[in-house]
Amino acid sequence: MALPLDRRTVHFYEIEMQSWTRSAVERPAKTTFPRMLECFNALKVALPVEVSKRKLARTSLVDATYDATNGWYELLLNKADAAVSDVAFRDLDTAQMRKAGKTKTEGIEISSHVMVRPNSDGHTATVLLTMGAGVAVKDVAALLKMLSQRASRLPAHRELFYFDNPSGARDEHGNPEQYRVSYRFVPSAYKSQTLANALRVGVFENMELIAHEARDFDSGGNLKIEQEVVKVTAELPAQVTGAGIVNAVRNYLKKPGAEHFDTLRVRYKTPTGASTSTTLEVAGLDNAFTQKETIRFSSEVEAQESQLSQTVLNEMRKLMRSVVS
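Residues numbered from 1 in each chain as written. Predicted model: local features only at pLDDT ≥ 70, side-chain atom pairs only at ≥ 80, totals over all residues. Heavy atoms only, no water.

Some details on the pattern of salt bridges
Step number 1: Inspection of every chain in the model, using the stated rule, returns 10 salt bridges.
Step number 2: The residue Glu208 makes a salt bridge to Arg267 at a minimum N-O spacing of 3.5 Å. Here Glu208, found in strand S12 (residues 203-211), pairs with Arg267, found in strand S16 (residues 263-269); they are 59 residues apart in sequence, far enough to count as distant.
Step number 3: Taking the relative accessible area as the measure of exposure, Glu208 reaches 12% and is therefore buried.
Step number 4: The network of salt bridges with shared partners includes Glu208, Arg265 and Arg267. (Salt bridge = Lys/Arg side-chain N within 4 Å of Asp/Glu carboxyl O. Helix = DSSP H or I, 4+ residues; strand = E, 2+ residues; numbered from the N terminus. Buried < 20%, exposed > 50% of the residue type's maximum accessible area, 1.4 Å probe, protein only.)

Structure follows, in structure tokens:
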């Protein structure tokens, strides 16, 4: 179900900038993430620009700003999705209904705000992304790759893409031989977020073990249990750790009749004091997940925007400042 327009769910990610080359250099050099974002800002790309195109949807960059003081790149990505149901209108006098008339080549467009901030290591960036528009972090990675390809064709940005050969070889003019690199941007969960490190900085609230296996409820087999939930709380929430939860869940699943539970949902408070949750498969409790928080505004913000909303960005900036770089 869609969130009200006075709030957004923000997901946290990391993107690593990697370099590769067709030359024989084993460990190609690379520039830093801050310099790459400065380069993107200097491109002055004509907007909107298509980022990705799928069968029933396409994602475009429609607005962008670069905060030179903080080194943050702020983006507005809009996804036009033909798979989204067309709206319907009711005549208030006759109560008759009609469709609005979206054609097969049209899509309902929803906006996603994105913030990209380089981390202190120089080669990764923290990414905050508002959800609900269908825009994914892989779309952000695709945009960064596309911008790097455009920049590589411009002489003004040559130093970001050409490096001296580590062998020290020189050409016939005595200048160092250079090799060319390309860049790819690899997204992942923020800081490889796990239940253990989430509860190391946050505080446990409660959790639910969920079983989705359909089972008979009555002897005749007509009534079915579609979902079964066991809710767990703690007398001392601050003492609950990720490792403790993992061990407790695994021991519980060894009990007769408990082996059919397949999902764990954990609710906890983040370092900012906001309540959030994560859902993990029982078979992969040690796997990384996506950190998320819900931000609220004093007024509604439309789902489709043509320019970056300062109302949304101001709340996202607060979250970004709370993230260790």
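Brief notes about the packing of helix H1 (residues 33-43) against helix H2 (residues 137-152)
Step number 1: Following both chains from N to C, one finds H1 and H2 inclined at 70 degrees, their axes separated by 10 Å at the closest point. Between H1 and H2, the angle falls in the class roughly perpendicular. Of H2, the residues touching H1 (which contributes Phe33, Met36, Cys39, Phe40 and Leu43) are Leu144, Leu147, Ser148, Arg150 and Ala151.
Step number 2: Here the contact of H1 with H2 is composed, by residue class, of 8 nonpolar, 1 polar and 1 charged. (Axes fitted to C-alpha atoms, helices over the stretch in contact; angles between N-to-C directions. Parallel < 35°, antiparallel > 145°, perpendicular 65-115°, else oblique. Contact = heavy atoms within 4.5 Å. Nonpolar A, V, L, I, M, F, W, Y, C, P; charged D, E, K, R; others polar.)

A look at the environment of Arg200
Step number 1: Residue position: Arg200 is located in helix H3 (residues 195-201).
Step number 2: A C-alpha to C-alpha distance of 18 Å links Arg200 and Thr233, two positions 33 residues apart in sequence.

Thoughts on the packing of aromatic side chains
Step number 1: For the structure shown, the criterion picks out 6 aromatic pairs.
Step number 2: Taken together through their ring pairs, the aromatic side chains of Phe40, Tyr66 and Tyr73 make up a single cluster. (Phe/Tyr/Trp six-rings, centres within 6.5 Å; stacked < 30°, edge-to-face > 60°.)

Looking at a negative patch on the surface
Step number 1: A surface patch of like charges, here negative, comprises Glu213, Glu259, Asp262 and Glu281.
Step number 2: Positionally, Glu259 belongs in the loop between helix H4 (242-252) and S16.
Step number 3: The class of Glu259 is exposed, set by a relative accessible area of 56%. (Patch = residues over 30% accessible without salt bridge, like charges linked within 9 Å, V, L, I, M, F, W, Y side chains within 5 Å. Areas by Shrake-Rupley, 256 points an atom, 1.4 Å probe, with all protein chains shown as cover. Lys, Arg positive; Asp, Glu negative; His and termini not counted. Charge placed at Lys NZ, Arg CZ, Asp CG, Glu CD.)

A short note on the side chain of Asn78
Step number 1: Structurally, the position occupied by Asn78 is in strand S4 (residues 72-81).
Step number 2: There is a polar contact of 2.8 Å between the side chain of Asn78 and the side chain of Ser111.
Step number 3: Not counting residues up to four positions away in its chain, the partners in contact with Asn78 are Arg58, Thr59, Ser60, Val62, Glu109, Ile110, Ser111, Ser112, Gln304 and Glu305. (Polar contact = N/O pair within 3.5 Å; in protein donor to acceptor, adjacent residues only side chain to side chain.)

Topic: H4
Step number 1: Of the residues making up H4, those classed as buried are Gly242, Ile245, Val246 and Val249. End-on, the buried residues of H4 take up no more than an arc of 100 degrees, which puts them together on one face.
Step number 2: Structurally, H4 contributes buried residues whose contacts are with H3, S12 and S16. (Arc of directions from axis to C-beta.)

Focus: the pairing of strand S8 (residues 124-130)
Step number 1: Of all 7 residues that make up S8, 7 are buried, and the element is covered over most of its length.
Step number 2: Burial along S8 is two-sided: the residues Thr124, Thr126, Leu128 and Thr130 and Ala125, Val127 and Leu129 are all buried.
Step number 3: In the sheet, strand S1 (residues 7-20) pairs with S8 via 7 bridges, with the strands oriented antiparallel. In the sheet register, Val10 faces S8, and the bridge partner there is Thr130.
Step number 4: Bridge count between strand S7 (residues 108-118) and S8: 5 bridges; the pairing is antiparallel. Bridging across to S8, Arg117 finds its partner in Thr126.
Step number 5: Between S7 and S8, which pair antiparallel and follow one another directly, the connecting turn spans 5 residues, one of which, Gly122, has a positive phi of 85 degrees. (Pairing = 2+ DSSP bridges.)

Concerning H2
Step number 1: The terminal C-alpha atoms of H2 lie 23 Å apart, and with 16 residues this matches the ideal 22 Å at 1.5 Å per residue to within 8%.
Step number 2: Here H2 has its buried residues at Val137, Asp139, Val140, Ala141, Leu143, Leu144, Met146, Leu147, Ser148, Ala151 and Ser152. (Expected span 1.5 Å × (residues − 1).)

A closer look at unusual backbone geometry
Step number 1: The omega torsion across Leu47 and Pro48 is 0 degrees, close enough to zero to call that bond cis.
Step number 2: When you line up the elements, Pro48 lands in the loop between H1 and strand S2 (49-53).
Step number 3: Its identity is not glycine, yet Lys44 carries a phi of approximately 55 degrees, on the positive side.
Step number 4: Relative to the helices and strands, Lys44 resides in the loop between H1 and S2.

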